[in-house]
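Okay, here's what each chain looks like letter by letter:
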Amino acid sequence: VHAVPEKVRRFDPWQRIEHAVLLVSFSVLAITGLPQKYSAQPWADTMILWMGGIEMTRLIHHWAAVILLIGSIYHFIALSYRVYVKR
């Protein structure tokens, strides 16, 4: 009979949300930024149209950048608190 290994919870719910926000905002930045960077490519026009046009693509890109910046600042503060205060 094999013993069932104990499950170790690495992240609490807030840390999971924090990482999900960083992952999603970075992904949105990549998805909206690549067609802008490579706008001369045929696939870029299609992607921009799927996202609602160039103005909407830029708006989404800028908001994703703001969310990533705020999430990164929060991540740095939370990590610093866990390392230096809680040890």
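The structure reproduced in this document is the subject of the present report. (Residues numbered from 1 in each chain as written. Predicted model: local features only at pLDDT ≥ 70, side-chain atom pairs only at ≥ 80, totals over all residues. Heavy atoms only, no water.)

**Some thoughts on helix α3 (residues 54-85)**
Compared with the 46 Å implied by 1.5 Å per residue over 32 residues, the 45 Å span of α3 between its first and last C-alpha is a close match. Buried residues of α3: T57, A64, G71 and A78, and no others. Considering only its buried residues, α3 is in contact with α1 (13-37) and α2 (42-50). At the C-terminal side of α3, R87 shows a positive phi close to 55 degrees. (Helix = DSSP H or I, 4+ residues; strand = E, 2+ residues; numbered from the N terminus. Expected span 1.5 Å × (residues − 1). Buried < 20%, exposed > 50% of the residue type's maximum accessible area, 1.4 Å probe, protein only. Contact = heavy atoms within 4.5 Å.)

**Some remarks on the packing of aromatic side chains**
One pass over the structure, following the stated rule, counts one aromatic pair. Between Y38 and W43, the ring centres sit 6.5 Å apart and the planes meet at 45 degrees, which makes this aromatic pair tilted. According to the relative accessible area criterion, Y38 is partly exposed, its value standing at 40%. We classify W43 as partly exposed; its relative accessible area is 38%. (Phe/Tyr/Trp six-rings, centres within 6.5 Å; stacked < 30°, edge-to-face > 60°.)

**Side note on the side chain of T57**
Checked against the element boundaries, T57 lands in helix α3. Those residues in contact with T57, other than ones at most four positions away along the chain, are T32, Q36, I48 and M51.

**Here we look at the environment of H19**
Following the sequence through the fold, H19 ends up in helix α1. With relative accessibility at 32%, the residue H19 sits in the partly exposed group. Along the chain, H19 and R9 lie 10 residues apart, while their C-alpha atoms are 15 Å from each other. Ignoring sequence-local partners within four residues, the contact set of H19 consists of F11 and H75. A distance of 2.8 Å separates the side chain of H19 from the backbone oxygen of Q15, its partner in a polar contact. (Polar contact = N/O pair within 3.5 Å; in protein donor to acceptor, adjacent residues only side chain to side chain.)

**Things to note about the packing of α1 against α2**
Angle between the axes and distance between the axes are the two parameters that describe a pair of packed helices. Direction vectors running N to C along α1 and α2 enclose 130 degrees, while the axes themselves pass 8 Å from each other. As far as their axial angle goes, α2 and α1 are oblique. As α1 packs across α2, the resulting crossing turns out to be left-handed. Residue-level contacts link I31, L34 and P35 of α1 to W43, A44, M47 and I48 of α2. Partitioning the contact of α1 with α2 into residue classes produces seven nonpolar, no polar and no charged. (Axes fitted to C-alpha atoms, helices over the stretch in contact; angles between N-to-C directions. Parallel < 35°, antiparallel > 145°, perpendicular 65-115°, else oblique. Left-handed = near helix turned anticlockwise from the far one by under 90°. Nonpolar A, V, L, I, M, F, W, Y, C, P; charged D, E, K, R; others polar.)

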